[in-house]
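Given next are the chains, with one letter for each unit.
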Amino acid sequence: MTGVESDMATDTIHHRTCPLCEASCGLELTIRDGAVLRIRGDRDNVLSRGFICPKGSALQKLHEDPDRLRSPIVRRGDDPATATWEQVSWDEAFAIVEEGLRGVQQRHGRDAVAAYFGNPGVHSLGAVIFNAPLIRAMGSKNIYSASTVDQMPKHVSSGYLFGNPISIPVPDLDRTDFLFMLGANPYESNGSLCTAPDFPGRMKEIRARGGRIVTVDPRNTKTAQNSDEWIPIRPGTDAHLLVAMLQVLFAEDLVDLGSVAEFTSGVEEIADAVAPFTPERAASITGIPAATIVRLARELAAAPTAAVYGRIGTHTVEFGSLASWAAEALNICTGNLDSPGGMMFPLAAHESGRGKGKGRGFTTGRRHSRVRNYPEIRSEFPVATLAEEITTPGDGQVRALITVAGNPALSTPSADRLDAALTELEFMVCVDPWLNETTRHANVILPPPSALERSDYHMAFLAMAVHNFAEWSGPLFPTDSLQESDIIARLALIVTGPEAGSDPQALYDLMIDGALQGAIALPDSPIADRTVDELRAILTADPDRMAVDHIVDIMIRTGAYGDWFGAVPDGLSLDVLADSPHGVDLGDLKPRLPGHLRTESGTIELANPAIVGDFARLEASFSGPLADPSTLVLVGRRDLRSNNSWMHNVNVLVKGKERCTLNVHPDDAERFGLIDGGEATVASRVGALVIGVEVTSDILPGVVSIPHGWGHSLPGVRAGIAVGRPGVNTNVLTDPEQLDPLSGNAVLNGIPVTVAPA
Ligand SMILES: Nc1nc2c(c(=O)[nH]1)N[C@H]1C(S)=C(S)[C@@H](COP(=O)(O)OP(=O)(O)OC[C@H]3O[C@@H](n4cnc5c(=O)[nH]c(N)nc54)[C@H](O)[C@@H]3O)O[C@H]1N2
Ligand SMILES: Nc1nc2c(c(=O)[nH]1)N[C@H]1C(S)=C(S)[C@@H](COP(=O)(O)OP(=O)(O)OC[C@H]3O[C@@H](n4cnc5c(=O)[nH]c(N)nc54)[C@H](O)[C@@H]3O)O[C@H]1N2
Ligand code: SF4
Ligand SMILES: [Mo]
């Protein structure tokens, strides 16, 4: 078995990447008698250097969880509360799915079948590679994902600035002198859109080498406490702060674009656009003193190197795209983009790194949603619009749903409304290992194997790592079950139509041969003289490797560091990664511009009309609800032992003090008559809940906080431990009408609420 080395006579050691969060830590698993004895951080891992968090060692518990589904199940009965589930064979399950999905397609058309793709799919190679062919095969405009409750604003700002929504620069943590963080809490989340195992350790190193860290957050988080300075901010106003900082840079003549000056356009227009947004005005809405805003701008300009890094708190708000853009604009205007110690573009092993520095640019709105007429962004609609697409009658109404690795009935705005909408579907199929709040509505659940039974190459996250790095691991345990790729490929064949057959191998061959063909045909291809058959034979020589492995192997061999099937000596291949259990060091991040740009102009387009157009809304907000400091607003939070909605069935991760509580400042507790340990009713425009109160001075007055991902008390959920500590679902309070218009991203922070003793 790949990656396993002999340790003691009876124990074997296996190394693999932890797939649970973006940090992608290297793990060392000790196996005894066919079971995991111990999991610890791999001290020799190039990137993670031994770091592990409590979730990493819970991988074993997730694998062994008796509630984890091992074979397909079919629902008998309409009401999830009383339904029974019957275990069926894979062929029986797919026969039911075929009848269900094709039936809806035939009766109502292709748009009537929708799909939702959730977060763990980005951590599972099978889904990473095969979701796209499934979407293409569906031919439906109704595609949704967790991206619109998360990072869509970042895609939009990258799309407009760099021409490519997935060109996301990361803070060069290991070399920066000044880390300016907004709305991120890596001490709990372990980092996001920034793969940095041991983010806390890396923060300590910044300070140890004389650097400085400033954290902007309405809560005095552990991250803020471990920074040089905590800047409390009124939720939803990061755009106001960042734009005012830009204003200071221009007003004080501190703008210096550095290495990107030659290929950046729109600087003059931006100078004009930001001019009205003075620090004094920003102070009135952010709650941050004008003098502090001026000082921060000056510090940023003066720092030898600096990185402005914003995450969930800056994205899941009304001005998410503008805030995301403004953060990048600050990096650009202080010469910190694409420069060591600033914000840089990683180059992962599966990426080609080739580029002409120009492209077709970024467009949105090629289609619009039926009910709310929302523009498509990256070929999907906001998940906040999914419920209405199911419940509003008419042509194009959604009648069937495919979910892959998602729990939208818990994770998305007005979750209770979506939960009710799911009961109206004619058919639903879920690719998911658990019977939870969402999947209880499925007609069929198709469970992929556990993380220890599959190969791993953390593709999406290696492309956002703070150090160029590669790591691949094969399955630790064999499985009789279908791989996630097999499941999704079969779904793709089903929705294509009867002519596609049912053998996923046909799809694999198509993809593998297509990728090889493409590499052979590249201009100046080092393998121009080779044949597809010959190259395929090299890939498939190891019978233990699966289709996903072959596809990754092609990407790596023909990637920036690749061996080109032997044409480049010492180049990378999957074999090299398989022989490198601690990963392969691919060096410090290096400048990639202008080659990495895909805008039509070949420049960084600072002043895209969509962005400049949004300044009018920013102006209007100074006299809107956001500017009213008397409104009590709700924000979220994460904690280290949790991960969205799906790790609450592991005892070590949920035991101890209740964590699903309402955080309230002592002043607000007094104002609203709440007491620590008591209960409060929290209500928003769309819903209400009752929750335990935790009074803390680590939150700004006027702001309350509830973590998301809880609320496991719905009938029919099969999760023995989670239902015993259900918590409440904060997404009954979030409002599906509140979106960042540029990205369609839901507003999950800054929700106006009222609180009262329960
Ligand atoms: N109020 C509020 N809501 C939020 C957020 C917030 O900050 N505040 N955060 C948002 C964010 S950032 C995100 S990413 C979303 C997450 O939203 P979702 O992705 O919809 O939800 P998860 O809780 O991650 O649920 C993941 C599902 O995947 C399943 N699963 C686990 N492993 C696998 C696997 O290997 N394969 C498959 N096929 N399935 C698997 C689990 O059983 C579960 O059903 O939540 C969002 N919701
Ligand atoms: N332990 C754990 N780790 C996780 C997850 C998890 O659920 N648990 N989820 C994973 C996922 S899917 C993601 S996307 C990442 C997210 O990773 P992070 O972005 O680091 O997410 P959070 O820890 O929620 O930190 C967001 C912070 O924003 C603050 N905030 C709220 N509103 C505002 C605002 O208007 N302005 C500013 N400046 N701050 C604001 C909140 O108080 C909070 O401290 O974490 C990932 N890692
Ligand atoms: S930080 Fe993330 S990747 Fe590392 S062990 Fe914890 S859950 Fe796994
Ligand atoms: Mo996320």
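Source: prediction; values computed, not measured. (Residues numbered from 1 in each chain as written. Chains lettered and ligands numbered in written order. Predicted model: local features only at pLDDT ≥ 70, side-chain atom pairs only at ≥ 80, totals over all residues. Heavy atoms only, no water.)

Peer 1: What's the story with the pattern of salt bridges in this structure? I'm lost.
Peer 2: Where side chains of opposite charge bring their charged atoms close, a pairing between them can arise. Evaluation of the coordinates by the stated rule reveals 43 salt bridges. Glutamate 619 is the partner of arginine 281 in a salt bridge, and the nearest nitrogen-oxygen pair spans 2.5 Å. Remark: glutamate 619 occurs in helix α25 (residues 615-621) and arginine 281 occurs in helix α11 (residues 279-286); sequence separation between them is 338 residues. The shortest N-O distance in the salt bridge between arginine 617 and aspartate 740 comes to 3.5 Å. In this pair, arginine 617 sits in helix α25 while aspartate 740 sits in strand β27 (residues 739-740), placing the two residues 123 residues apart along the sequence. Overall, arginine 617 belongs to the partly exposed group, its relative accessible area being 22%. (Salt bridge = Lys/Arg side-chain N within 4 Å of Asp/Glu carboxyl O. Helix = DSSP H or I, 4+ residues; strand = E, 2+ residues; numbered from the N terminus. Buried < 20%, exposed > 50% of the residue type's maximum accessible area, 1.4 Å probe, protein only.)

Peer 1: Before we go on, may I ask you to explain the site of ligand 3 in this structure?
Peer 2: Close to ligand 3 lie Cys18, Leu20, Cys21, Ala23, Ser24, Cys25, Phe51, Ile52, Cys53, Lys55, Gly56 and Asn190, which account for all nearby residues. Of the residues in the shell around ligand 3, the class split is eight nonpolar, three polar and one charged. (Near = heavy atom within 4 Å. Nonpolar A, V, L, I, M, F, W, Y, C, P; charged D, E, K, R; others polar.)

Peer 1: What is the right way to read the site of ligand 1 from this model?
Peer 2: Taken together, 29 residues surround ligand 1, and among them Asn119, Asp432, Asn436, Glu484 and Ser645 come closest. With respect to ligand 1, the side chain of arginine 454 contributes an N or O atom lying 3.0 Å from an oxygen atom. Between a nitrogen atom of ligand 1 and a side-chain N or O atom of glutamate 484, the distance comes to 2.6 Å. The fraction of the free accessible surface of ligand 1 (920 Å²) that becomes covered by protein chains is 97%. Among the residues forming the shell around ligand 1, the class breakdown is 13 nonpolar, 11 polar and five charged. (Polar contact = N/O pair within 3.5 Å; in protein donor to acceptor, adjacent residues only side chain to side chain. Areas by Shrake-Rupley, 256 points an atom, 1.4 Å probe, with all protein chains shown as cover.)

Peer 1: Teacher, can you tell me more about the sheet that holds strand β12 (residues 229-231) here?
Peer 2: Spatially, four strands are ordered β12-β11-β10-β14 in an open sheet, and the strand pairing comes out parallel. The sheet is open, and its two edges are formed by β12 and β14 (307-310), each paired on a single side. Taken over all neighbouring pairs, the strand axes of this sheet differ in orientation by 15° on average, direction set aside. By the bridge criterion, four bridges tie strand β10 (residues 178-182) to β14 in an arrangement that is parallel. (Pairing = 2+ DSSP bridges. Axes fitted to C-alpha atoms, helices over the stretch in contact; angles between N-to-C directions.)

Peer 1: Help me understand the sheet that holds strand β8 (residues 143-145), please; the structure alone is not making it clear to me.
Peer 2: Paired through backbone hydrogen bonds, the strands of a sheet run either parallel or antiparallel to each other. Pairing in this open sheet of seven strands is mixed, and the strands run β6-β5-β18-β17-β16-β7-β8 from one edge to the other. The open sheet terminates on both sides in strands that have one partner only, identified here as β6 (84-87) and β8. Strand-to-strand, the axes of this sheet are offset by a mean angle of 20°, without reference to chain direction. Along the sheet face, helix α19 (residues 484-496) touches β16 (400-404), β17 (427-431) and β18 (444-446) and points at about 160° away from the line of β16. (Contact = heavy atoms within 4.5 Å.)

Peer 1: I keep staring at the side chain of aspartate 67 and nothing clicks. Help me out?
Peer 2: With respect to the helices, strands and loops of the structure, aspartate 67 is situated in the loop between α2 (59-64) and β5 (73-76). Summary of buried charges: aspartate 67 has no salt-bridge partner, and the nearest side chain of opposite charge, arginine 718, is 5.7 Å away. Looking at aspartate 67, its side chain comes within polar contact range of the side chain of asparagine 649, at 3.1 Å. Here glycine 720 takes part through its backbone nitrogen, which lies 2.7 Å from a polar atom of the side chain of aspartate 67. (Lys, Arg positive; Asp, Glu negative; His and termini not counted.)

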